[in-house]
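# Results of the structural survey
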Amino acid sequence: SPFAEETAGLMILLDLSPGMNAEDLRPSRLERSRHKIHDLLEGRIGGTVGLIAYSGTAHLVMPLTRDTRIVEQMAQALDPSVMPAQGDALSEALTLAADQFDRRNTAGSVLIVTDGIDSAQLQALGHYREAGGPGVQILAALGSQEQAALSGITAGARALGAPFYRMTPDDQDVRRVI
């Protein structure tokens, strides 16, 4: 039922690599990602939500909270320029997310919002899956011409056993994630 309250937590992992500033998704991949996070939080009823930013390192921006407005405000304030290192620390971000659920002794899932997954991460992503970490979904912020990035996300999704969805101009992607 769309009126049922979600009780599981959701940790959003937002990729802040420089590629997220690309404008193949208007106004940019990052801005479109922020809009999608807003839509997701609007459509999700109840439960806790948190935010982790990652690029070359992973950082807890907001621990699990019921205050979705603060999570959205924090996502709006993030930019690749605030990251201390460039790269792809997705496995580090996933570990950080799993730790947050363990500390709260709560169930939950992870949503990765990214424009690519580095092949160097695949082995660590497979280990995360084997270790039984929280379930993962991927929301891909890609323009129509990004075949190389799409194949990296596909490989990452396979390693994690995770479904992935390309961002759409409407709300179909967010509805699938919810």
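Before reading on, note that the structure itself is shown above.
The notes below deal with the structure included here. (Residues numbered from 1 in each chain as written. Predicted model: local features only at pLDDT ≥ 70, side-chain atom pairs only at ≥ 80, totals over all residues. Heavy atoms only, no water.)

A count of helices and strands for the chain gives six helices and six strands. Beginning at the N terminus, the succession of helices and strands in the chain can be written as β-α-β-β-α-α-β-α-β-α-β-α. Scaling as 2.2 N^0.38, a compact globule of 178 residues should have a C-alpha radius of gyration of about 16 Å, and the chain matches this with 15 Å. If one aligns the C-alpha atoms of the chain with their principal axes, the spans along those axes are about 40 × 35 × 30 Å. Considering the chain as a whole, with its 178 residues, one finds that 50% of them fall into the buried category. Total accessible area computed for the chain in this model is approximately 8500 Å², and 49% of it derives from carbon and sulfur atoms. Counting 15 positive and 22 negative side-chain charges, the chain places the centres of these two groups 4 Å from one another. (Helix = DSSP H or I, 4+ residues; strand = E, 2+ residues; numbered from the N terminus. Rg over C-alpha atoms; globule rule 2.2 N^0.38 Å. Buried < 20%, exposed > 50% of the residue type's maximum accessible area, 1.4 Å probe, protein only. Areas by Shrake-Rupley, 256 points an atom, 1.4 Å probe, with all protein chains shown as cover. Lys, Arg positive; Asp, Glu negative; His and termini not counted. Charge placed at Lys NZ, Arg CZ, Asp CG, Glu CD.)

Before going further, it helps to spend a moment on unusual backbone geometry. Of all residues except glycine, most have a negative phi; of all peptide bonds, most are trans. A cis amide bond links Arg26 with the next residue in sequence, Pro27, at an omega value of 0°. In this structure, Pro27 sits in the loop between strand E1 (9–15) and helix H1 (29–43). Positive phi outside glycine occurs at Asn105, with the angle close to 50°. For Asn105, the location among the structural elements is in the loop between helix H3 (90–104) and strand E4 (108–114). Taking relative accessible area as the criterion, Asn105 reaches 74% and is therefore assigned exposed.

A word on the side chain of Thr48. Looking at where Thr48 falls in the secondary structure, it is placed in the loop between H1 and strand E2 (49–54). In contact with Thr48, other than residues within four places in its own chain, are Ala8, Gly9, Leu10, Leu64, Thr65, Arg66 and Arg104. (Contact = heavy atoms within 4.5 Å.)

Here we come to the nonpolar core. The biggest cluster of nonpolar side chains holds 28 residues, and the ones touching the most others in it are Leu13, Leu94, Val110, Ile112, Val136, Ile138 and Leu160. Broken down by secondary-structure element, the contributors of at least two residues to this core are E1, E2, strand E3 (58–65), H3, E4, helix H4 (122–130), strand E5 (135–140) and helix H5 (147–160). In this structure Val110 touches Leu10, Met11, Leu13, Leu94, Ala97, Phe101, Tyr128, Pro134, Gly135, Val136 and Gln137, once residues within four positions along its chain are discounted. (Core = buried A, V, L, I, M, F, W, Y, C linked by side-chain atoms within 4.5 Å.)

Its 15 residues give H1 an end-to-end C-alpha distance of 21 Å, which sits within 8% of 21 Å, the value for a rise of 1.5 Å per residue. The complete set of buried residues in H1 reads Arg29, Leu30, Glu31, Arg32, Ser33, Arg34, Lys36, Ile37, Leu40 and Leu41. (Expected span 1.5 Å × (residues − 1).)

This part is about the pattern of salt bridges. Considering all chains together, one arrives at seven salt bridges under this definition. Its salt-bridge partner being Arg34, residue Glu31 comes within 2.8 Å of it at the nearest N-O pair. Remark: Arg34 and Glu31 occur in helix H1; sequence separation between them is three residues, near one turn of the helix. For the pair Glu31 and Arg34, one class covers both residues: buried. Between Asp67 and Arg69 there is a salt bridge; the shortest N-O distance is 3.7 Å. On the basis of relative accessible area, Asp67 is assigned to the partly exposed category, the value being 31%. The network of salt bridges with shared partners includes Asp24, Arg29 and Asp115. (Salt bridge = Lys/Arg side-chain N within 4 Å of Asp/Glu carboxyl O.)

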